[in-house]
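Coordinate inspection notes
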Amino acid sequence: MVGGLVLSQAQHQVGIAATSPAQAQAAEQAAFRGRDHRAPCANLDEARKAHARHVKLGLDRSPRHARPLLAACALAADWPGSMAYAASIFAALDDPEAFDYNTLMRGYVAGGGGGGRDPAAALRLFVDMVDDGVEPDSYTFPFVFKACAQLGALQEGRQLQGHLVKLGFQRDEHSQNSLISFYGKCGEADLARRAFEQMEDDEQTTASWSALLAAYTRAGRWAECVESFGAMVRAGWRPDESSMVSALSACAHLGAHDVGRSIHCALLRNTARLNTFMSTSLVDMYAKCGCIENAAAVFDAMDDKNAWTYSAMVSGLALHGDGRKALEVFDAMVREGHRPDAAVYVGVLNACSRAGLLEEGLRCFDRMRLEHKLTPNAQHYGCMVDLMARAGRLDDARALIGSMPTGPTDTAWRSLLNACRIHGNLELAERALQELERLGATNAGDYIILSDMHARAHNRDAAAARRTEAVDRGLAQAPGYSAVEVHGATHRFVSQDRSHPRADDIYEMLHQMEWQLRFEGYTPDTSELALDAGEEEKRRVVAAHSQKLAMAFGLLSTPEGAPVRVVTNLRMSKECHAYSALISEIFGREIVVRDRNRFHRFKRGACSCRNYW
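Please read all numbers here as calculations on a predicted model, not as lab measurements.

This part is about the UniProt feature "repeat: PPR" (unreviewed entry) in the protein chain. UniProt annotation of "repeat: PPR" (unreviewed entry) refers to residues 172-202, 205-239, 306-340 and 341-371 when read in the numbering used here. Measuring from the first to the last C-alpha atom of residues 205-239 gives 10 Å, for a span that is 74% helix and 0% strand. End C-alpha atoms of residues 306-340 are separated by 10 Å, and the span's content is 74% helix alongside 0% strand.

Printed below as a string of structure tokens:
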């Protein structure tokens, strides 16, 4: 039993009914075995008294009689010290059975007894169980795999899998589901998939699918998560809350708005009322898919918002550059009695940075330290450096990096480097790169920023040298791509891509787009392109940028008037920004682009970022 010990009220009448000590003991033993008029132990003191009766009656060493008391102490959530007491009860048992080992292991992995988790103790107990010749049952392995997952003990878990097969539990649903979950929590999505595929079709359950989706989510394999979610639905399984949350998280990272919206519709059809966790997942999904209005609608409809909900909304507004609204939501959070944590303040400071709200950001930083007594971490200082540097206060940002209690971080120096790109301060950008090199934290993108800055300053040799240096250091840049969702399917493009089945149509659409743009006076800007080639070749490269290919396919494949949503792992360039703004005006479409840092929503020739990014 969880949370209390079952005792019979009949025991209180024993002393009256009995006429001798022997009769009294027999009556009390019968009362302990009884199941009528059950009353729970309310706390550890009552459990101790009940245990004293066991000792008095000689029942404390009998697993059958001590079992309810062992479960009550091991699994009670709010009895401080009861886990240690449960271990002492277990230690006194003669010949404990698998059930008793399982109960104590469950308490260790669940953090029972009002204490913290102790998964190492659960594993030691399992070893003792095997050494004592007690054969594990189907309930044992889920607890032991959970202990391995909490410890990140991959090798021990793999050994346990062999033990599971040896004992013939490879067909047991609960054991297999716990194995999938274990591999997922250890970041081994491929092993989780293999364990899932080893199950027969009639053995797989909603819980099996949910564990697989969680494994893909934890490993950041978003596309496979969405694909598996679709396979789950097609196979006739009804997704549970956990699988939907995993799928929504994947949709948020992929920008798969149509799939996320279909999950929302399924939730509305099948659930009378969305709980806070699901609603928060929807807020996060819509915000990261570029539909901040839908995120706000879900947020406003919630009656039971928590700190995570406010954090998701603030971070979503920060992504969209709506700093004023983010501050309003934050103020509402404080008014409603939710104590802000460090994560919420990261969102608030990011919102101020992306909206250029320097004074407001400085006030929030002071409020965090002085009013809410939170010690700023490296993330908060990174946000402040970004805020000040973007606002043009590069020297102040540089001074702040030097005064960081945590010591200068690569995030702070990279924020300064990005701001130098915006303000064209090549000298300070070089200093920032030197500091990143000193920290051993450079990536290919850092050198590309310097290369682009040199190219803009017409220092072609220096631009080429910086890119060569990145190669010499073995820094590989992740391939740039842009993706667009059409009818629930994601189509990905790279620069100069001709692999798409409709490549001819896409390039014809690109030609038409550029033709119409020329009537608006558009001229491709090749100043940021560090390419040793003639102007015509540069224009050809710029014309087939991955973002433009995705945009062209979106315009071709979606109904007139529908928004086109593009997700790219690149930073929005000035050339693509101007191009997208003109396309939104000429074609009468809303173009939503999520780049590496934020959202750009182009509508009637204007961007939501107000040219501040």
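The next thing to look at is the side chain of glutamate 360. Within the secondary structure layout, glutamate 360 lies in helix α21 (residues 358-370). Reaching out from glutamate 360, the side chain makes a polar contact with the side chain of arginine 324 at a distance of 2.7 Å. In this structure glutamate 360 touches Arg324, Leu327 and Cys352, once residues within four positions along its chain are discounted.

Residue pairs spaced three or four apart in an α-helix point in one direction, given the helix's 3.6 residues per turn. End to end, helix α25 (residues 426-439) covers 20 Å across 14 residues, agreeing with the expected 20 Å (1.5 Å per residue, within 8%). Along α25, the residues that are buried comprise Leu428, Ala429, Glu430, Ala432, Leu433, Glu435 and Leu436. Looking at the residues trailing α25, positive phi occurs at glycine 440, about 70°.

Attention now moves to the nonpolar core. Cys73, Met105, Phe182, Ile263 and Leu416 are the most contacted members of the largest nonpolar core, which has 145 residues in total. With eight residues, helix α20 (residues 342-355) is the single largest residue contributor to this core. Among residues more than four places away in sequence, those in contact with methionine 105 are Ala122, Leu125, Phe126, Met129, Thr140, Phe143 and Val144. Listed in part, the 31 residues of the second largest apolar core include Met509, Leu582, Ile591 and Cys607.

Under the definition given, this model contains 13 aromatic pairs. Taken together, the aromatic side chains of Phe126, Phe141, Phe145, Phe169, Phe182 and Tyr183 make up a single cluster linked through ring pairs. Directly above the ring of phenylalanine 299 sits lysine 305, whose terminal nitrogen or CZ lies 4.9 Å from the centroid. Positioned over the ring face of tyrosine 507 is arginine 498, at 3.8 Å from the centre of the ring.

Before going further, it helps to spend a moment on helix α27 (residues 460-472). With 13 residues, α27 extends 18 Å between its outermost C-alpha atoms, agreeing within 8% with the 18 Å of an ideal straight helix rising 1.5 Å per residue. Those residues of α27 not exposed but buried are Ala463, Arg466 and Ala470. Axial view of α27: buried residues confined to an arc of 60°, hence all on one face. Residues Asp461, Val471 and Asp472 are exposed on α27 and point more than 90 degrees away from its buried face.

With that settled, the discussion passes to the state of the cysteines. Tallied over the full model, the rule gives zero disulfides. Cysteine 289 provides the cysteine sulfur closest to cysteine 251, a residue in no disulfide bond, and the two sulfurs are 6.3 Å apart. For cysteine 251, a relative accessible area of 0% gives the class buried.

Right, let's talk about the environment of tryptophan 308 for a bit. Mapped onto the secondary structure, tryptophan 308 falls in helix α18 (residues 307-319). Once the C-alpha coordinates of tryptophan 308 and alanine 343 are considered, the two residues, 35 residues apart in sequence, prove to be 8.9 Å apart.

Two elements in contact, helix α16 (residues 276-288) and α18, have axes separated by 9 Å at closest approach and are oriented at 5°. Here α16 is positioned roughly parallel relative to α18, judged by the angle of their axes. Here α16 contributes Thr276, Thr280, Val283, Asp284, Ala287 and Lys288 to the contact with α18, which in turn contributes Trp308, Thr309, Ala312, Met313, Gly316 and Leu319.

With respect to the element layout, alanine 312 can be found in helix α18. Distance from alanine 312 to aspartate 284, taken between C-alpha atoms, is 5.5 Å for residues 28 residues apart in sequence. Not counting residues up to four positions away in its chain, the partners in contact with alanine 312 are Thr280, Val283 and Asp284.

Moving on, we get to unusual backbone geometry. If you check the backbone angles, aspartate 95 has positive phi at about 50° while not being a glycine. Relative to the elements of secondary structure, aspartate 95 occurs in the loop between α5 (82-91) and α6 (98-110). The class of aspartate 95 is exposed, set by a relative accessible area of 68%. Residues other than glycine seldom take positive phi values, yet arginine 604 does so here, at roughly 50°. Among the secondary structure elements, arginine 604 is positioned in the loop between β7 (599-603) and β8 (606-607).

Rules used throughout
- Residues numbered from 1 in each chain as written.
- Predicted model: local features only at pLDDT ≥ 70, side-chain atom pairs only at ≥ 80, totals over all residues.
- Heavy atoms only, no water.
- UniProt positions renumbered as here; feature names shortened; annotations may be inferred.
- Helix = DSSP H or I, 4+ residues; strand = E, 2+ residues; numbered from the N terminus.
- Polar contact = N/O pair within 3.5 Å; in protein donor to acceptor, adjacent residues only side chain to side chain.
- Contact = heavy atoms within 4.5 Å.
- Expected span 1.5 Å × (residues − 1).
- Buried < 20%, exposed > 50% of the residue type's maximum accessible area, 1.4 Å probe, protein only.
- Core = buried A, V, L, I, M, F, W, Y, C linked by side-chain atoms within 4.5 Å.
- Phe/Tyr/Trp six-rings, centres within 6.5 Å; stacked < 30°, edge-to-face > 60°.
- Lys NZ or Arg CZ within 6 Å of the ring centre and 35° of its normal.
- Arc of directions from axis to C-beta.
- Disulfide = S-S within 2.5 Å.
- Axes fitted to C-alpha atoms, helices over the stretch in contact; angles between N-to-C directions.
- Parallel < 35°, antiparallel > 145°, perpendicular 65-115°, else oblique.

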